[in-house]
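# Residue-level structural notes
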Amino acid sequence: MYRSIPMEADWTQAPELLEGAMSLQLTPEKCDLDYWIKAVAQGTWHGLVNGHALSDVIPSYLFEAGPLRSAVVAEFAFRAIAEELATRAISYLVANAPDIPTMEFFSTQLLDEARHARAFRNHLLELGVEEENLVATIEEAAGDKRDTILRPLEAFGLNVMRDQRDFIGGVIVLTVLVEGVLAPSGALSERKWRPLDPAGAGIAHGANIDELRHLTVGSSIVRRHLIKRPEEKARLLSLISEGNQLWHKLPALDMLFEREVLFQQGLEAHAAVVGDYELVPGRRLVETTVEERLAITQEWSREVQSSRMAFMGLE
Ligand code: FE
Ligand code: FE
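Here's what I pulled together on the structure shown here. This one's a predicted model, so the numbers in the text were calculated from it and none came from an experiment.

It is worth spelling out helix α6 (residues 167-193) at this point. Side chains of residues three or four places apart in an α-helix project in the same direction, reflecting 3.6 residues per turn. Its axis deflected by about 40 degrees at glutamate 179, α6 carries its strongest bend there. The buried fraction of α6 amounts to 24 of the 27 residues, a majority that puts the element mostly inside the structure. Structurally, the start of α6 carries an N-cap: the backbone nitrogen of isoleucine 168 is 3.5 Å from a side-chain oxygen of aspartate 166.

For a metal with four donors in a tetrahedral arrangement, the ideal angle between donors is 109.5 degrees, while six donors in an octahedron ideally sit at 90 or 180 degrees. Ligation of the iron ion (ligand 2) by protein atoms is provided by Glu113 (OE), Glu179 (OE), Glu211 (OE) and His214 (ND1), these donors lying 1.9 to 2.5 Å from the ion. In this structure, the iron ion (ligand 2) is coordinated by 4 donor atoms arranged in irregular fashion, with angles at the metal of 90 to 152 degrees. In the primary structure, the donors to the iron ion (ligand 2) are separated according to the pattern E-x65-E-x31-E-x2-H. Here the iron ion (ligand 2) and the iron ion (ligand 1) are spaced 3.5 Å apart, linked through glutamate 113, which binds each one. Pair noted here: glutamate 179 is in helix α6 and histidine 214 is in helix α7 (residues 198-228), with a separation of 35 residues, a long-range link. For histidine 214, a relative accessible area of 1% translates into the label buried.

Bringing the coordination of the iron ion (ligand 1) into the picture now. For the iron ion (ligand 1), every protein donor is listed as Glu83 (OE), Glu83 (OE), Glu113 (OE) and His116 (ND1), and the spread of their distances is 2.0 to 2.6 Å. For the iron ion (ligand 1), the 4 donor atoms are set out with angles of 54 to 136 degrees between them, so the coordination reads as irregular. Counting residues between consecutive donors of the iron ion (ligand 1) along the chain gives the motif E-x29-E-x2-H.

With 90 residues, the main nonpolar core has Phe106, Leu124, Trp193 and Leu314 as its most contacted residues. Per-element accounting of this core gives the leading share, 14 residues, to helix α3 (residues 67-96). Those residues in contact with tryptophan 193 that lie beyond four places of it in its chain are Leu68, Ala71, Val72, Glu75, Phe76, Pro198, Ala201 and Phe263.

Within this structure, the stated rule accounts for 28 salt bridges. Linking aspartate 112 and arginine 213 is a salt bridge whose minimum nitrogen-to-oxygen distance equals 2.9 Å. One end of the pair, aspartate 112, is in helix α4 (residues 100-126); the other, arginine 213, is in helix α7, and 101 residues separate them in sequence. Here aspartate 112 matches arginine 213 in class, with each residue buried. A salt bridge links arginine 235 to glutamate 232, with the nearest nitrogen and oxygen atoms 2.9 Å apart. By relative accessible area, arginine 235 is classed as partly exposed at 36%. Salt bridges sharing partners connect three or more residues here, namely Glu75, Arg79, Lys192, Glu260 and Arg293.

What counts as what
- Residues numbered from 1 in each chain as written.
- Chains lettered and ligands numbered in written order.
- Predicted model: local features only at pLDDT ≥ 70, side-chain atom pairs only at ≥ 80, totals over all residues.
- Heavy atoms only, no water.
- Bend = angle between axes of the 7 residues up to and from the residue.
- Helix = DSSP H or I, 4+ residues; strand = E, 2+ residues; numbered from the N terminus.
- Buried < 20%, exposed > 50% of the residue type's maximum accessible area, 1.4 Å probe, protein only.
- Polar contact = N/O pair within 3.5 Å; in protein donor to acceptor, adjacent residues only side chain to side chain.
- Donors = N, O, S within 2.8 Å, 3.2 Å for Na, K, Ca; no water.
- Tetrahedral: all angles 85-135°; square planar, octahedral: opposite > 155°, others 65-115°.
- Core = buried A, V, L, I, M, F, W, Y, C linked by side-chain atoms within 4.5 Å.
- Contact = heavy atoms within 4.5 Å.
- Salt bridge = Lys/Arg side-chain N within 4 Å of Asp/Glu carboxyl O.

Given below as structure tokens:
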């Protein structure tokens, strides 16, 4: 069968999330429903099993209780909830989209996020969690983080998207304050799980390919809005600073720290499996520390956010 998948949606050819987020430009007109069906549904995801390649296995040591298993369960449970909440919130962007291209684009993003939620959730089943214990497992691993981190963010976003029906404000919340902030930990996740949980890394890889589209199209929408309505800049910048202030009050860093501490213990226990694998060029994963991995994601965050903000006209 002949299939032509654009480079940015190709499983093996797509640029890495952070590099792509700084170099690619995609618009809602290009990424319409037809593009999505061919390039994504029949392209990126072709042949995947629960969001990863069939060849991405789950190593037997992940079925044993211990810090590594706890780290993967904590991360995937949290991300399953986050993606579910994002899916539901995006329905208001679909409802309030001012034209067909943005309506179609956010319809596809809504399904992307629903797919991510499903893949993260089902990874827990792949890890041997019993179906009837899935909800309780997610609740136990991430329920408190949902309440302390995700609910306040959701309330902030729904106030803009649902209550004020502010479409472009909602795109800012989603693109800058949620996806822009979380993209670096998604990139780290794919890289750090690659040798230890190939299936989990594959799921993260697929989510990162979709994320590239979400970030770049979202940024194009904001950029275009500001070219047409430059007087909106101050309002959107103050929305961003309000959102950043909210982030500072949330225990998000504590969660990432906790997650990396567990990962560190697991990493040390399974150092032989990881071998010489490099987290970033020239730096072996086994030699990295909790603080170093957190610093790497913060550095990525700064780079990606500043380049995207400049592109949107929000510097
Ligand atoms: Fe997602
Ligand atoms: Fe996304």
